[in-house]
Amino acid sequence: MKRDRCSIVREIDKDIMSTSYDRDTDFVYSGGKGVYLFDCHGRKFLDFAAGISVMNAGHSNPQVMSAIRKQLSLGTHAAFPDFYAETPVMFSQTLLSLLPSPLNRVFLSNSGTESVECAIKLAKWHSRKKWLVAFSPCFHGRTMGSLSMTDSKPVQREGFAPFLPVKHVPYPYPYRFNGSEEECSNASLSAVENVFKKLDGNIAGVFFEPISGEGGYIVPPKNFARALRKLCSEFGVLLCADEVQSGCFRTGKFLAISNFGVKPDILCMSKSIGGGLPLGATVASRKIMNWPHGAHSNTFGGNLLACAAGKAALEFMERKNLAKNAERVGKSMLKRLSEMKEDIEIVGDVRGMGLMIGVEIVESKKSKKPGHGKREEILKKCFEKGLLMLACGNNVLRLCPPLVLTENEAMKGLDLIESALKEVE
Ligand SMILES: Cc1ncc(COP(=O)(O)O)c(C=O)c1O
């Protein structure tokens, strides 16, 4: 039997690529446009994954593609850490124009985990303190510094110790907390305060995802981020916001933490800020990011193609007011999903902000027992029906479509999810 291209790609991949890659479906990418992806048979899929929350400006965005082409004709690599170049500086200016003061200095890298590594080093350098505090669950990346904090799936940490000194405290997870939202928030805050007191001022920074991403798309109680900010200020601990996944207009504001009226001391960004090319940014105030030449650097940070793409993507998203679109379409999706929750026994919780939405699958509403197997079946069924979606946490469906999604496309996707949920139920 003649084998098709998709099967050949999968076979070679299985033979030569690292066994650590983890694919939920058989999808083989061949291209994308807007909110759609195409596999190597030319089959069209509605994309609710956005390349893991990267393609906020839409696949093959014409403005982004044209900026890449223009830069390509001039050159690709300026070794920006060692030589001045216009494109990374212009990108950074655009990024800063979207951020609250006093976030006014930028370090450029190539990924989320690198943006976190830079933040860890900066927090330590600035404070000269030893410990980091992170939440559980949390995901900050997989290199040794960020992995020291990451606490999402056991497989991500097993076999990699020793780690940096990190204390974990519970992320406020209202659905899984036995009590009110306020009690949930207070329980996490008092855990943070206890750690602050116990470590007696020897803490460099608290790393916080304003909405927990990989850990399960968990939205903390409304007052939590503000109270955490207050605690950090009281104890002189740097608040480091990891907006690698939640940032870049996804939640209706440029930063998710702005939904809570909070400003971080150090900010980590990546994914969507590169418009589809690898780009990371760590941002802080002049007062904090004043380390000496050579204290932190790299080779590819400020890559010209990535910065040209990123600048065009940020400008496009701002011009088209995609934050507003995310907020509007996200609201309709949450409404429709909440109606599904009423009808469908295995939908335990529906939560989110803008187009960062989690649907927690359970065995039954009463038991709240995590429906891990059911979640996997739902993802497979959605794929068969033409919808690409990712998982997060142990039993959560992760909905993070490109922010150019229209209401109509959103409802089409939800039709597919609803029918998959009903079949699996
Ligand atoms: C919140 C958060 N931080 C850090 C990372 C790590 O980013 P990367 O995979 O680009 O290293 C991720 C990746 O999903 C993330 O969601």
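Residues numbered from 1 in each chain as written. Predicted model: local features only at pLDDT ≥ 70, side-chain atom pairs only at ≥ 80, totals over all residues.

Participant: When you look at the packing of helix 10 (residues 322-343) against helix 12 (residues 407-424) in this model, what are you seeing that I'm missing?
Facilitator: Angle between the axes and distance between the axes are the two parameters that describe a pair of packed helices. For the pair helix 10 and helix 12, interaxial distance at closest approach is 10 Å and the crossing angle is 20°. Classified by the angle between their axes, helix 10 and helix 12 sit roughly parallel to one another. Crossing angle aside, the handedness with which helix 10 passes helix 12 is right-handed. Of the residues in helix 12, those in contact with Val329, Ser332, Met333, Arg336, Leu337 and Met340 of helix 10 are Glu407, Ala410, Met411, Leu414, Glu418 and Leu421. Here the contact of helix 10 with helix 12 is built from residues that sort into eight nonpolar, one polar and three charged. (Axes fitted to C-alpha atoms, helices over the stretch in contact; angles between N-to-C directions. Helix = DSSP H or I, 4+ residues; strand = E, 2+ residues; numbered from the N terminus. Parallel < 35°, antiparallel > 145°, perpendicular 65-115°, else oblique. Left-handed = near helix turned anticlockwise from the far one by under 90°. Contact = placed C-beta atoms within 7 Å. Nonpolar A, V, L, I, M, F, W, Y, C, P; charged D, E, K, R; others polar.)

Participant: How should the domain arrangement of the protein be read in this particular structure?
Facilitator: Put simply, an interface is often sized by how much accessible area is lost when its parts join up. Along its sequence, the protein is carved into domain 1 (5-60 + 323-424) and domain 2 (63-319). The centre of domain 1, based on its C-alpha atoms, is set 25 Å off from the matching centre of domain 2. Contacts between the two partners involve 28 residues from domain 1 and, on the opposite side, 29 residues from domain 2. The set of elements that each furnish at least two residues to the side of domain 1 that touches domain 2 consists of helix 2 (50-53), helix 10, strand 11 (347-353), strand 12 (356-361) and strand 15 (396-399). (Domains from an automatic or database assignment.)

Participant: How do you make sense of unusual backbone geometry when you look at a structure like this?
Facilitator: Backbone geometry follows two general trends: most residues other than glycine have a negative phi, and most peptide bonds adopt the trans configuration. In the segment running from Ser101 into Pro102, the intervening peptide bond is cis, with an omega of 5°. On the secondary structure map, Pro102 appears in the loop between helix 4 (86-97) and strand 4 (105-109). With an omega of 5°, the peptide bond running from Ser136 to Pro137 counts as cis. If you trace the backbone, Pro137 turns up in the loop between strand 5 (131-136) and helix 6 (144-149).

Participant: Could you clarify how one ought to interpret the sheet that holds strand 1 (residues 29-33) in this entry?
Facilitator: In a beta sheet, neighbouring strands pair by backbone hydrogen bonds and run either parallel or antiparallel. With respect to topology, four strands assemble into an open sheet ordered 1-2-3-13, the strand pairing being mixed. Whereas interior strands pair on both sides, the edge strands pair on one side only; in this sheet they are strand 1 and strand 13 (387-388). Where strand 1 and strand 2 (residues 36-39) come together, four bridges link them in antiparallel fashion. Counted as the bridge partner of Gly32 is Leu37 from strand 2. (Pairing = 2+ DSSP bridges.)

Participant: Even after reading the chapter, I still don't get the environment of Lys121, so can you show me in this structure?
Facilitator: Along the chain, Lys121 turns up in helix 5 (residues 112-127). For Lys121, a count of 17 C-beta atoms within 10 Å corresponds to the partly exposed category. Counting along the chain gives 13 residues from Lys121 to Leu108, while the straight-line C-alpha distance between them is 14 Å. (Buried ≥ 20, exposed ≤ 12 C-beta atoms within 10 Å, placed from the backbone.)

Participant: Just to check I follow, could you spell out the site of the ligand for this structure?
Facilitator: In the vicinity of the ligand, 15 residues are found, and the nearest of them are Gly112, Thr113, Gly141, Val244 and Gln245. A total of three residues in the shell around the ligand trace back to one element, the largest contributor, which is helix 5. When its residues are assigned to classes, the shell around the ligand shows four nonpolar, eight polar and three charged. (Near = placed C-beta within 6 Å.)

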